[in-house]
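Single-letter residue listing:
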Number of protein chains: 2
Amino acid sequence: MHDLSATFPSIAHDSGGLPLYRVVKRSLLRAIESGACPAGEALPSEATLAASFGVSIGTLRHAVDELVAEHILVRRQGLGTFVALHTEDRFLFQFFHVERSDGLRGAPQVELVSFARVRIEEEEALALQVRPGDPAFQMDNRLLLQGRAVIHDRITLAANNFKGLTERRLRERPSTIYHLYQTEFGITVTQARERARAVAADRTSARLLGLPAGAPVLQLRRTALTFGDRPVEYRVSTVNTTQHDYVQLLSRPV
Amino acid sequence: MHDLSATFPSIAHDSGGLPLYRVVKRSLLRAIESGACPAGEALPSEATLAASFGVSIGTLRHAVDELVAEHILVRRQGLGTFVALHTEDRFLFQFFHVERSDGLRGAPQVELVSFARVRIEEEEALALQVRPGDPAFQMDNRLLLQGRAVIHDRITLAANNFKGLTERRLRERPSTIYHLYQTEFGITVTQARERARAVAADRTSARLLGLPAGAPVLQLRRTALTFGDRPVEYRVSTVNTTQHDYVQLLSRPV
DNA sequence: CCCAATTTGTTCGTATGTATA
DNA sequence: TTATACATACGAACAAATTGG
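The shown structure was predicted, so the numbers you read here are calculated from the model rather than taken from an experiment. (Residues numbered from 1 in each chain as written. Chains lettered and ligands numbered in written order. Predicted model: local features only at pLDDT ≥ 70, side-chain atom pairs only at ≥ 80, totals over all residues. Heavy atoms only, no water.)

In the vicinity of DNA strand C there are 21 residues, among which Arg75 of chain A together with His13, Leu20, Thr59 and Gln77 of chain B approach most closely. Take the atoms of DNA strand C that sit within 4 Å of the protein: sugar and phosphate atoms are 79% of them. Taking threonine 59 of chain B, its side chain carries an N or O atom lying 2.5 Å from a phosphate oxygen of DNA strand C. Within the side chain of glutamine 77 of chain B, one N or O atom sits 2.9 Å away from a base oxygen of DNA strand C. Elements with a minimum of two residues in the surface near DNA strand C: strand 1 (73–76) and strand 2 (80–83) of chain A together with helix 2 (20–34) and helix 4 (57–69) of chain B. In terms of residue class, the surface near DNA strand C is made up of 7 nonpolar, 10 polar and 4 charged. (Near = heavy atom within 4 Å. Polar contact = N/O pair within 3.5 Å; in protein donor to acceptor, adjacent residues only side chain to side chain. Helix = DSSP H or I, 4+ residues; strand = E, 2+ residues; numbered from the N terminus. Nonpolar A, V, L, I, M, F, W, Y, C, P; charged D, E, K, R; others polar.)

Have a look at this one:
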């Protein structure tokens, strides 16, 4: 980050009635979004940022507070403020909502079952806000928890957001798939919207999960969003809930 | 609220390493919990509270900020700060997570199907932290959304928390059941933990929801908690998800 | 092991703006 | 209009955590 005043420009005190700290927040978001502060990197110190924006330290902190609440920034006392990384931890606590019925929670072991370049179908196109028939990647994963096949994921990505994605790069990623989006394609998933329902397992899911076809399974339809609520991933998860539950964690201040 | 300094006593600046604003927060919680500030009532103004606690207004606001984030207090500019009420709105956005697949959201129409005083079973006793066999109330509700029977709720309450509860009082409540807990029994539900899974509908649920027995339905097991994470309600919801979804709303700052 | 520099965390106080009754 | 209450913005000082010498 070379040019402070270009990345964090001084802010006029009257920006359309919006409170100053919101203007600062938007400005910070733009900087993060644009890649000026790569994920995992520390931002300039609060004092520096406040000076650069031309606002008080309290106002700057107010803006950062909200971004921290949204898991976009992470503060570490004595170290600095960082753009949140999609490490395994963040994945687990923010985006992965299946755990064993006794409460045991762990990272899934992922098996890539299929990978293909396809023309996108209606349902997926609607979720990703592209036109039906547009090029897309579609993959099927089988997720094992505590050694048992529990989840079948079908993931759809618009091809234009993930140029150069190959089965090999998927297989060889060292961490979570959201970490791959972030580091390889500059796409940070900030939020996911999920809807759940119970359905009878179709043949594919039943086979992958070792269930009889027609068994009741939990179906999750997730749209993952990046900055500005822009959809970047659509995922249908089929969960064998005989020994596992779907749990939305509440992350509240204690 | 007569005696300010008794309800909001001056706080020592060193309380076991805990930050001052957390001590203030705990003190506020105790006051709310004890009923010194009845639900729906305005608290004393921030300036008054800060003076009573002997802390700065910024510190007091920090404490209130957290309670607002937890939906325990509600601020209204120009009016005051209020203990959150279990109105229909709050119920809908915080505790009711089923909506039609097209996103239409509305308050359910509730039909009380059965009400009984029972000895509590193992599963319910565990959730409510009482002994199996202790006296309890158990009721079955059928919930209609947009005119269709969508949810079957079986609710269990420890009898000692709801002394004097009768079928009549349940039927004649004017608002949500959580509002009844709050106004009639002084129990404010602050939080709920839910686990979802897909199961085959049992006979009772199938009948109430107009489904064939064995149809895949969503089963929610919810423990509702009051202050201090004390469990007060256990509920098993069975949801017909053919036209409705389970959705956990995310309430984030924009 | 301690020290110094850096950074966030907490606390204080004040002034002004905005919404409500 | 006025009084009250929360919302925003400013600035300063010290505490606590981390890192590196």
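That was the structure; now back to the text.
Turning our eyes to something else, we now look at the relation of the copies chain B and chain A. By a simple turn and slide, chain B fits onto chain A: the slide is 0.1 Å along the axis, the RMSD is 0.1 Å, and the turn is 180 degrees. In symmetry terms, the pair is related by a two-fold rotation axis. Most of the interface of chain B is mirrored in chain A: 100% of its interface residues are interface residues there too. (Least-squares fit on C-alpha atoms with pLDDT ≥ 70 in both. Contact = heavy atoms within 4.5 Å.)

Attention now goes to the interface of chain B and chain A. Residue-level contacts link 35 residues of chain B with 36 residues of chain A. Aspartate 245 of chain A is paired through a salt bridge with arginine 221 of chain B; the nearest N and O atoms lie 3.6 Å apart. Our count for the chain B to chain A interface comes out at 10 residue pairs in polar contact (both at pLDDT 80 or more). With 10 residues, strand 7 (residues 191–200) of chain B is the largest single contributor of residues to the side of chain B that touches chain A. Across the side of chain B that touches chain A, the residue classes break down as 14 nonpolar, 8 polar and 13 charged. In this sheet, strand 10 (residues 244–247) of chain B lies alongside strand 7 (residues 191–200) of chain A in antiparallel orientation, the contact comprising 2 bridges. The residue bridging alanine 196 of chain A from the neighbouring strand is tyrosine 246 of chain B, located in strand 10 of chain B. (Salt bridge = Lys/Arg side-chain N within 4 Å of Asp/Glu carboxyl O. Pairing = 2+ DSSP bridges.)

The subject of this paragraph is the domain arrangement of chain A. Residue and element names in this part refer to chain A. Segmentation of chain A into domains returns domain 1 (4–83) and domain 2 (88–245). With 7 residues of domain 1 in contact, the opposing surface of domain 2 contributes 6 residues. Both faces combined, the contact of domain 1 with domain 2 buries some 520 Å², and carbon together with sulfur accounts for 71% of it. Here domain 1 and domain 2 share 0 salt bridges between them. Across the domain 1-domain 2 interface, the total number found is 1 residue pair in polar contact (both at pLDDT 80 or more). The residue inventory of the side of domain 1 that touches domain 2, partitioned by class, reads 4 nonpolar, 1 polar and 2 charged. (Domains from an automatic or database assignment. Buried area = accessible area lost by both parts, 1.4 Å probe.)

Turning to the side chain of arginine 221 of chain B, a few remarks are in order. Along the chain, the position of arginine 221 of chain B falls in strand 8 (residues 216–226). If sequence neighbours within four positions are ignored, arginine 221 of chain B has contacts with Asp245 of chain A together with Glu123, Arg193, Glu194, Arg195, Arg197, Tyr234, Arg235 and Val236 of chain B.

Moving on to the pattern of salt bridges. For the coordinates displayed, the defined rule picks out 42 salt bridges over all chains. As a salt-bridge pair, glutamate 99 of chain A and arginine 105 of chain A come within 2.9 Å of each other at their nearest N and O atoms. You can call glutamate 99 of chain A buried: its relative accessible area is 7%. What makes arginine 105 of chain A partly exposed here is its relative accessible area of 24%. With its nearest N and O atoms 3.9 Å apart, the salt bridge here joins arginine 131 of chain A to aspartate 134 of chain A. For aspartate 134 of chain A, a relative accessible area of 22% corresponds to the partly exposed category. Bridged by salt links that share partners, the residues Glu99, Arg105 and Asp245 of chain A together with Arg195 and Arg221 of chain B form one connected network. (Buried < 20%, exposed > 50% of the residue type's maximum accessible area, 1.4 Å probe, protein only.)

Strand direction decides the pairing type here: strand 7 of chain B and strand 8 of chain B, joined by 10 bridges, are antiparallel. Looking at the pairing, arginine 197 of chain B lines up with glutamine 219 of chain B of strand 8 of chain B.

Looking now at the protein's contact with DNA strand D. Lining the immediate surroundings of DNA strand D are 20 residues, of which His13, Leu20 and Thr59 of chain A together with Glu46 and Arg75 of chain B lie closest. Near the protein, meaning within 4 Å, the atoms of DNA strand D are sugar or phosphate in a fraction of 80%, with bases accounting for the rest. A distance of 2.3 Å separates a phosphate oxygen of DNA strand D from a polar backbone atom of leucine 20 of chain A. A distance of 3.1 Å separates a phosphate oxygen of DNA strand D from a polar atom in the side chain of threonine 81 of chain B. Taken together, the elements giving at least two residues each to the surface near DNA strand D come down to helix 2 (20–33) of chain A together with strand 1 (73–76) and strand 2 (80–83) of chain B. Here the surface near DNA strand D is built from residues that sort into 6 nonpolar, 10 polar and 4 charged.

What follows is about helix 8 (residues 177–185) of chain A. Residues and elements named next belong to chain A. Along helix 8, 7 of the 9 residues are buried, which leaves the element largely enclosed by surrounding structure. Along helix 8, the positions that sit buried rather than exposed are Ile177, Tyr178, His179, Leu180, Tyr181, Gln182 and Phe185. Buried residues along helix 8 sit against helix 5 (88–95), strand 5 (135–145), strand 6 (148–158), helix 7 (167–171), strand 8 (216–226) and strand 9 (230–239). Immediately beyond the C-terminal end of helix 8, within one or two residues, lies glycine 186, with a positive phi of roughly 65 degrees.

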